[in-house]
Amino acid sequence: MSSLSERPAAGAIGVPLPHESAALHVTGTALYTDDLVMRTRDVLHAFPVQSPHAHARIIALRVKPAYDVPGVVRVLTADDVPGVNDAGVKHDEPLFPDEVMFNGHAVCWVLAETLEAARLGAAAVEVEYEPLPALIEVRDAIEAGSFQGIGRHLERGDVAGALDQAAYVYTGEFEFAGQEHFYLETHAALALVDEYGQIFVQSSTQHPSETQEIVAHVLGLASHSVTVQCLRMGGGFGGKEMQPHGFAAIAALGATLTGRPVRLRLNRTQDMTMSGKRHGFHSSWTVGFSDDGRLVALDATLTADGGWSLDLSEPVLARAMCHIDNAYEIPHVRVDGQIAKTNKTSQTAFRGFGGPQGMLVIEDILGRCAPLLGYDANELRRRNFYQPGDSTPYGQPVRHADRLESCWSQVLSLGDVDERVAEIAEFNAAHPFVKRGLAMTPVKFGISFNLTAFNQAGALVHVYKDGSVLINHGGTEMGQGLHTKMLQVAATTLGVPLERVRLAPTRTDKVPNTSATAASSGADLNGAAIKHACEQIRERLAQVAGGKLGISPLDVRFADGLVRGLSGDGVGWNELVNLAYHQRVQLWAAGFYRTEGLHWDANAMRGEPFKYFAYGVAASEVEVDGFTGSYTLRRVDIVHDVGDSLSPLIDIGQIEGGFVQGAGWLTLEDLRWDTKTGRLSTQAASTYKLPSFSEMPEVFNVTLLEKAHEDGAVYGSKAVGEPPLMLAFSVREALRQAAAAFGPPGTSVDLPSPATPEAIYWALDRARGGASWSG
């Protein structure tokens with residue numbers, strides 16, 4: 001393979017293109033999993049019987065009454081499973097449980113001719129429960145010693161000694177909430193069985209290969225008997241990395257038993273009560289600073305609320321621990337991590353995958369401590385940045401640390417930050433009932449899967465006799481623009497116009513053993529695999545072109561649909577491909593890529609788990625009403641490092657979307673469970689507030705960091721999916737600044753998360769009354 005990051009002078013990469021399905025989206029013609037039901041005959045509809053208890057033993061299950069409902073065809077129970085009755089990779093998630101573990105847990109599933117018949121059939125099923133003690137709050141789980149999985153420990157230096165010597169020491173506690181994915185498309189699957197007994201599942205999944213694996217072991221089949229396809233998803237955000245598997249397995253089991261296609265699509269309430277969220281965390285910490293405001297030591301314990309089963313809680317916790325430093329050099333660090341087991345949905349991957357939770361802890365610490373140290377919070381952050389030559393607490397060198405300062409300086413300049421800070425001070429002095437705040441926060445986020453084995457990808461590229469190109473890869477499209485970038489990579493590598501390349505839906509029988517489209521690695525991994533496949537084809541065609549043009553194959557160049565030498569005449573791409581076919585030259589190739597240079601000891605929490613770090617800085621300005629705590633996001637300025645962008649328009653969209661989603665998590669989205677029943681109280685858009693156009697900043701400036709080529713990544717680009725979400729810390733910190741402005745100078749504000757208007761009001765009310773957090 002030629003140099004992965006080498007970028008040609010011309011090609012489709014780096015061109016600001018719209019999303020490849022944009023026209024389909026806005027015209028309503030883009031097909032999603034559930035749209036295929038209307039194109040499929042004799043479909044049965046699945047509906048769950050859900051538990052009303054947070055924790056209970058099933059004493060009796062009577063399904064016969066369901067069969068009395070017209071249209072009901074089959075009720076699926078544990079007795080129907082021919083293989084393994086489990087939908088989790090940790091084998092701790094029974095597909096049909098005999099002990100329900102959260103309010104909303106599916107006990108069995110009803111299949112019927114219509115969705116309404118299935119609903120009525122589910123309502124007719126009789127279940128007797130023996131209620132058992134339940135733990136809903138993470139604090140209760142900690143007190144009860146209810147933990148699961150493997151706890152982790154990360155340590156560098158002499159923390160106790162450094163804290164003893166520190167000029168200032170503060171201790172605190174911080175508990176913050178999870179987040180509902182609220183993708184536009186809920187979980188959906190459509191399963192069919194062919195005449196040979198082969199299972200074909202259309203699934204809204206970020207990880208088709210793992211969906212295939214779970215479906216196969218539930219049915220007692222080999223993986224080659226199951227094919228999973230994902231057309232596209234209406235959002236995923238990590239929620240469809242692990243959680244679709246069980247739903248696909250239910251549909252496949254129903255199709256196997258009835259011989260008819262089975263459709264399973266959760267309505268919004270079912271999706272919210274049955275599927276996992278971002279992990280909420282509890283943290284306790286002690287931090288030490290030097291006389292000049294330098295971080296010297298941090299001792300922290302992180303407890304992730306894992307819910308009822310493990311899912312991905314262990315790697316989420318590990319990433320949180322690895323990101324507790326964010327962008328700051330902390331010489332002495334000790335972090336202990338543990339996973340609480342509670343009677344709630346099994347919490348799962350969500351954009352950032354634990355990174356935001358770890359980074360939020362250090363940002364909260366700095367925001368609280370800055371006034372106590374006598375520093376402006378922006379200055380305190382800047383003086384603790386990683387410098388070239390520094391390493392993380394787990395031992396990875398912080399390469400390109402200077403980009404932190406570059407991003408910071410550009411935001412200061414482009415955002416006129418110093419001038420606006422002065423204007424805000426004048427405004428606050430003149431307005432006793434309305435205050436403004438401006439905060440800047442950095443991001444340093446590691447890119448790669450925690451588990452080294454997942455950092456691999458495959459691709460299959462076909463060139464047809466007429467010169468058209470079809471690409472298959474293992475990544476899935478959830479609206480993030482991955483397919484757009486992959487089309488650009490293929491067109492650039494082959495030197496053909498973009499319109500000559502088409503991308504096929506993601507299928508396990510085309511590219512096997514793929515990793516999830518997650519960890520922001522979709523473009524890095526699949527782009528490199530596509531490039532590898534295209535290079536193989538190009539090398540073969542160069543031999544043909546060399547013979548045709550009478551030059552060395554090494555002198556052949558591919559660009560703009562023409563193949564030529566360093567000088568002189570060339571040959572058209574279509575003509576060359578046809579010529580190669582008649583010379584019996586292979587016109588398809590399988591590509592493969594594995595990320596090099598990664599090593600990680602999960603037990604010791606040491607190594608280099610990330611290929612590189614993505615950097616960014618955001619400045620946010622807010623205005624807060626002193627009577628209600630409501631706020632307006634007035635302006636946001638962002639400079640973000642995406643390397644040499646593969647597709648600038650896509651990347652800017654990802655930065656904007658990630659930022660707004662992060663602001664939602666930190667300021668609006670408040671998951672509430674009834675602590676007595678374990679019922680999710682916020683199970684609809686009417687009770688769970690999401691960011692919308694009204695929360696968008698009045699001024700929103702996004703700039704991509706220039707001269708940011710990344711060696712060792714496809715065409716010098718960098719991942720962009722997750723890192724921008726953490727730029728939203730600047731909104732929360734700006735709200736802290738505004739709340740503090742209601743009190744005397746030097747007021748330290750303890751701000752909950754999410755910082756809802758109610759939380760902001762009580763924080764500013766304490767500040768106004770002269771109360772200040774003291775640590």
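The residue numbers shown here count from 1 along each chain, following its written sequence. In keeping with the model being predicted, local features are shown solely for residues with a pLDDT of at least 70 and side-chain atom pairs are shown and tallied solely at 80 or more, while totals for entire chains, interfaces and linings include all residues. With hydrogens and water set aside, each side-chain value is computed from the structure's full complement of heavy atoms.

Caption draft 1: Examining the overall build of the chain more closely. Helix numbers and strand numbers start at the N terminus; a helix is a DSSP run of H or I with at least 4 residues, a strand a run of E with at least 2. Scanning the chain from terminus to terminus reveals 19 helices and 29 strands. All radius of gyration figures rest on C-alpha atoms, and the globule criterion is 2.2 Å times the number of residues raised to 0.38. Over its C-alpha trace the chain gives a radius of gyration of 27 Å, about what one expects of a compact globule, namely 28 Å for 775 residues. C-alpha extents for the chain along the principal axes are approximately 85 × 80 × 50 Å. Only protein chains enter the area calculation, which uses a 1.4 Å probe; residues under 20% of their type maximum are buried, those over 50% are exposed, and those in between are partly exposed. The buried share among the 775 residues of the chain stands at 60%. Any two residues having at least one pair of non-hydrogen atoms within 4.5 Å are treated as being in contact. Partitioning the contacts of the chain with sequence separation of at least 6, the portion at a separation of at least 24 is 81%. The Shrake-Rupley method, run with a 1.4 Å probe sphere, supplies the accessible areas, and residue values consider only the shown protein chains as cover. Accessible area for the chain stands at about 28,200 Å²; split by element, carbon and sulfur atoms hold 52% of it. Averaging the locations of the 64 positively and 90 negatively charged side chains of the chain gives two centres separated by 4 Å. When charges are tallied, Lys and Arg are placed among the positive residues and Asp and Glu among the negative ones, while His and the ends of the chain are skipped. The atom standing in for a charge is NZ when the residue is Lys, CZ when it is Arg, CG when it is Asp and CD when it is Glu.

Caption draft 2: Fine view of the packing of helix α15 (residues 522–549) against helix α16 (residues 573–582). To get an axis, a line is fitted to the C-alpha atoms, and for a helix only the part in contact is used. The angle between two axes follows their N-to-C directions and goes from 0 to 180 degrees. α16 packs onto α15 with a crossing angle of 100 degrees between their chain directions and a minimal axis gap of 10 Å. Taken as axis vectors, α15 and α16 run roughly perpendicular relative to one another. Contacts between α15 and α16 pair Leu541, Val544, Ala545 and Lys548 from the former with Trp573, Glu575, Leu576, Val577, Leu579 and Ala580 from the latter. Roughly parallel means an angle under 35 degrees; roughly antiparallel means over 145; roughly perpendicular covers 65 to 115; every other angle is labelled oblique.

Caption draft 3: Summary view of the pattern of salt bridges. Definition used for salt bridges: Asp or Glu carboxyl oxygen within 4 Å of a side-chain nitrogen of Lys or Arg. Here the structure, examined in full by the defined rule, presents 48 salt bridges. Put simply, arginine 383 and glutamate 379 hold a salt bridge, and the shortest N to O gap is 3.2 Å. Note that arginine 383 and glutamate 379 are positioned in helix α11 (residues 377–383) at a spacing of four residues, about one turn of the helix. For arginine 383, a relative accessible area of 22% gives the class partly exposed. Given a relative accessible area of 31%, glutamate 379 falls into the partly exposed group. Across the pair glutamate 623 and arginine 436 runs a salt bridge, and its minimum N-O distance is 2.6 Å. Taken together, the residues glutamate 623 in strand β27 (residues 612–625) and arginine 436 in strand β16 (residues 434–447) connect sequence positions 187 residues apart.

Caption draft 4: Just unusual backbone geometry, in detail. Proline 754 follows serine 753 through a cis peptide bond whose omega is 10 degrees. Mapping proline 754 onto the fold places it in the loop between α18 (729–740) and α19 (757–768). A positive phi angle, near 60 degrees, is found at phenylalanine 237, a position not held by glycine. Relative to the assigned elements, phenylalanine 237 resides in the loop between β11 (226–230) and α7 (244–258).

Caption draft 5: Structural context of the packing of aromatic side chains. For this analysis, a ring pair means two rings from Phe, Tyr or Trp (six-membered ring only for Trp) whose centres lie within 6.5 Å, classed as stacked if their planes differ by under 30 degrees, edge-to-face if by over 60, and tilted for the remaining angles. Counted by the stated rule, this structure contains 19 aromatic pairs. Residues tyrosine 394 and tryptophan 600 carry aromatic rings whose centres are separated by 5.9 Å and whose planes lie at 85 degrees to one another, so their mutual orientation is edge-to-face. You can see tyrosine 394 sitting in the loop between α11 and α12 (402–414) and its partner tryptophan 600 sitting in strand β25 (residues 599–601), a full 206 residues away along the chain. Each member of the pair, tyrosine 394 as well as tryptophan 600, is classed as buried. Through a chain of ring-to-ring contacts, the aromatic side chains of Tyr170, Trp285, Phe289 and Trp773 assemble into a single cluster. Taking NZ or CZ as reference, lysine 344 lies 4.6 Å from the ring centre of tryptophan 673, over its face. Over a ring means this: the NZ of a Lys or the CZ of an Arg is within 6 Å of the ring centre and within 35 degrees of the ring normal. Residue placement shows lysine 465 over the ring face of tyrosine 581; its charged tip is 4.7 Å from the ring centre.

Caption draft 6: Region of the structure containing the packing of helix α17 (residues 648–667) against α18. Close contact between α17 and α18 brings their axes to 8 Å; oriented N to C, the two are set at 45 degrees. On the basis of their axis angle, the class for α17 and α18 is oblique. Residue-level inspection shows Phe659, Ala663, Trp665, Leu666 and Thr667 of α17 in contact with α18, the latter providing Phe729, Ser730, Val731, Arg732 and Leu735. Under the scheme applied here, ten amino acids are nonpolar (Ala, Val, Leu, Ile, Met, Phe, Trp, Tyr, Cys and Pro), four are charged (Asp, Glu, Lys and Arg), and all others, including Gly, are polar. In the contact of α17 with α18, the residues fall into seven nonpolar, two polar and one charged.

Caption draft 7: Spatial organisation of the sheet that holds strand β4 (residues 99–100). A pair of strands is labelled paired if DSSP reports no fewer than 2 bridges between them. Taking strand neighbours across the sheet as the criterion, the three strands line up as β4-β2-β6 in an open arrangement whose pairing is antiparallel. Edge positions in the open sheet fall to β4 and β6 (126–131), since each of these has one partner strand only.

Caption draft 8: Structural context of the side chain of glutamate 722. Considering the arrangement of structural elements, one finds glutamate 722 in the loop between β29 (699–704) and α18. There is no salt bridge for the buried glutamate 722, and the closest opposite charge comes from arginine 319, which lies 5.1 Å off by N-O distance. Here the side chain of glutamate 722 touches glycine 352 through a polar contact of 2.8 Å, landing on its backbone nitrogen. Those residues in contact with glutamate 722, other than ones at most four positions away along the chain, are Arg351, Gly352, Phe353, Phe445, Ala519 and Ser520. Any pair of nitrogen or oxygen atoms within 3.5 Å is treated as a polar contact; in protein, a donor-acceptor pairing is required on top of that, and neighbouring residues in sequence qualify only through side-chain atoms on both sides.

Caption draft 9: Representation of the sheet that holds strand β21 (residues 557–559) within the structure. Across the sheet, which stays open at both edges, the three strands sit in the order β21-β22-β23 with antiparallel pairing between neighbours. Of all strands in the sheet, those bounded by a partner on one side alone are β21 and β23 (570–572). Averaged over all pairs of adjacent strands, the angle between strand axes in this sheet comes to 20 degrees, irrespective of strand direction. For β21 and strand β22 (residues 562–564), the ladder comprises three bridges, and the chain directions are antiparallel.

Caption draft 10: View of helix α10 (residues 355–373). Here a helix's expected span is defined as the number of its residues, less one, multiplied by 1.5 Å. In a regular helix each residue adds 1.5 Å, so 19 residues correspond to 27 Å; α10 covers 27 Å between its end C-alpha atoms and thus fits that length. Extensive coverage of α10 is indicated by the burial of 17 of its 19 residues. Just beyond α10, the residue with positive phi is glycine 374, at close to 80 degrees.

Caption draft 11: Structural context of the nonpolar core. Working definition of a nonpolar core: buried Ala, Val, Leu, Ile, Met, Phe, Trp, Tyr and Cys residues. They are joined through side-chain atoms within 4.5 Å. Grouped together as the largest cluster of nonpolar side chains are 107 residues, with contacts concentrated most on Trp285 and Phe659. Discounting chain neighbours no more than four positions away, the residues touching phenylalanine 659 are Ala618, Ser620, Leu633, Val636, Ile638, Phe700, Pro724, Leu725, Leu727, Ala728, Ser730 and Val731. One finds Ile471, Val501, Ala580 and Val585 within the second-largest nonpolar core, a separate group that totals 50 residues.

Caption draft 12: Geometry of helix α6 (residues 208–219). The end-to-end C-alpha distance of α6, which contains twelve residues, comes to 16 Å, matching closely the 16 Å that a straight helix rising 1.5 Å per residue would cover. The set of residues buried in α6 consists of Pro208, Ser209, Glu210, Thr211, Gln212, Ile214, Val215, Ala216, His217, Val218 and Leu219. On its buried face, α6 is in contact with β10 (199–203), β11, α7 and β20 (506–507). Immediately downstream of α6, the backbone of glycine 220 shows phi near 70 degrees, a positive value.

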